[in-house]
Amino acid sequence: MNQLPQRVCGSVGRSLRQIHRVSAATMPIKVGDKLPAVDVHEGDPHSVVNTAELFKGKRGILFGVPGAFTPACTKSHLPSYIEKCEELKKKGIEIIACMAVNDAFVMSAWGKDQKADGKVRMLADPSGTFTRALGLELDKEALIAALGNKRCQRFVMLLENGVVKELKVEPDGTGINCSLASHALTLI
Ligand code: BEZ
């Protein structure tokens, strides 16, 4: 039988796994693209929400933050959407959702702390799968050292029936300007 020695097979297997893991970064999502369909969590890890289903047939806002409970996200970013929720709804926005690479318990606790209930849906992307599908990973060494893993760039998008109509990503991924609710209002 024409079999490779076990040692060689093992080494081939390992290198293939390595190649698979180091896959190329996804191109960032852009205006005109469909929102990727990825399962995220809301409330607890057993409560699964599919991102495409969530925005299907709706006009919505999705914004991403580097981390729950981090200073700027807590003092400015999330509160801006809670404060402008009614104004956004008056302009036809049916759903406002916040996402971060955090677990569902953390996102839920952050939402409760910020009184987001009924205003902003708190979506957890614990493994970063949705963030990678968006092509919006925040891959900065200093940030990984501070927060422990790759997070999501700060962004906001306007969605109509699951299609991106407007998209603003903060130029450095963490700054807080074009992704605030006051700016989102000007996109609608
Ligand atoms: C923030 O304050 O939102 C923040 C802090 C550290 C890293 C990223 C964001």
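Conventions used here
- Residues numbered from 1 in each chain as written.
- Predicted model: local features only at pLDDT ≥ 70, side-chain atom pairs only at ≥ 80, totals over all residues.
- Heavy atoms only, no water.
- pLDDT = per-residue confidence, 0-100.
- Contact = heavy atoms within 4.5 Å.
- Helix = DSSP H or I, 4+ residues; strand = E, 2+ residues; numbered from the N terminus.
- Buried < 20%, exposed > 50% of the residue type's maximum accessible area, 1.4 Å probe, protein only.
- Arc of directions from axis to C-beta.
- Phe/Tyr/Trp six-rings, centres within 6.5 Å; stacked < 30°, edge-to-face > 60°.

Enquirer: Talk me through the confidence of the model for the protein chain; I want residue IDs and the actual numbers.
Expert: Per-chain confidence: the protein chain averages 90 in pLDDT, with 87% of residues scoring 70 or above. Considering only residues more than four positions removed or in separate chains, one finds that residues 1–23, a stretch of pLDDT under 50, has one contact.

Enquirer: Report on the side chain of Q114, specifying residues and quantitative values.
Expert: Tracing the chain through its elements places Q114 in the loop between α5 (104–113) and β5 (121–124). According to the relative accessible area criterion, Q114 is buried, its value standing at 17%. Beyond its immediate sequence surroundings of up to four residues, Q114 is in contact with T74, L78, P79 and I82.

Enquirer: Describe in detail α5, supporting the description with residues and values.
Expert: Along an α-helix, residues three or four positions apart point the same way, because every turn accommodates 3.6 residues. Within α5, the full set of buried residues consists of A104, M107, S108, W110 and G111. On an axial view of α5, the arc spanned by its buried residues comes to 160°, and they lie on one face. For α5, exposure combined with an orientation more than 90 degrees from the buried face picks out F105 and K112. Turning to α5, the residues buried within the fold contact β1 (39–42), β2 (44–50), α3 (71–83), β4 (95–100) and β5. Count one or two residues on from α5 and you reach K115, which has phi positive near 55°.

Enquirer: If you had to explain the packing of aromatic side chains to someone new, which residues and values would you point to?
Expert: Taken as a whole and assessed by the stated rule, the structure comprises two aromatic pairs. Between F63 and Y81 the ring centres are 4.0 Å apart and the planes differ by 10°, which places this aromatic pair in the stacked class. Separated by 18 residues along the polypeptide, F63 in strand β3 (residues 59–64) and Y81 in helix α3 bring together distant segments of the chain. Neither residue differs from the other here; F63 and Y81 are each classed as buried.

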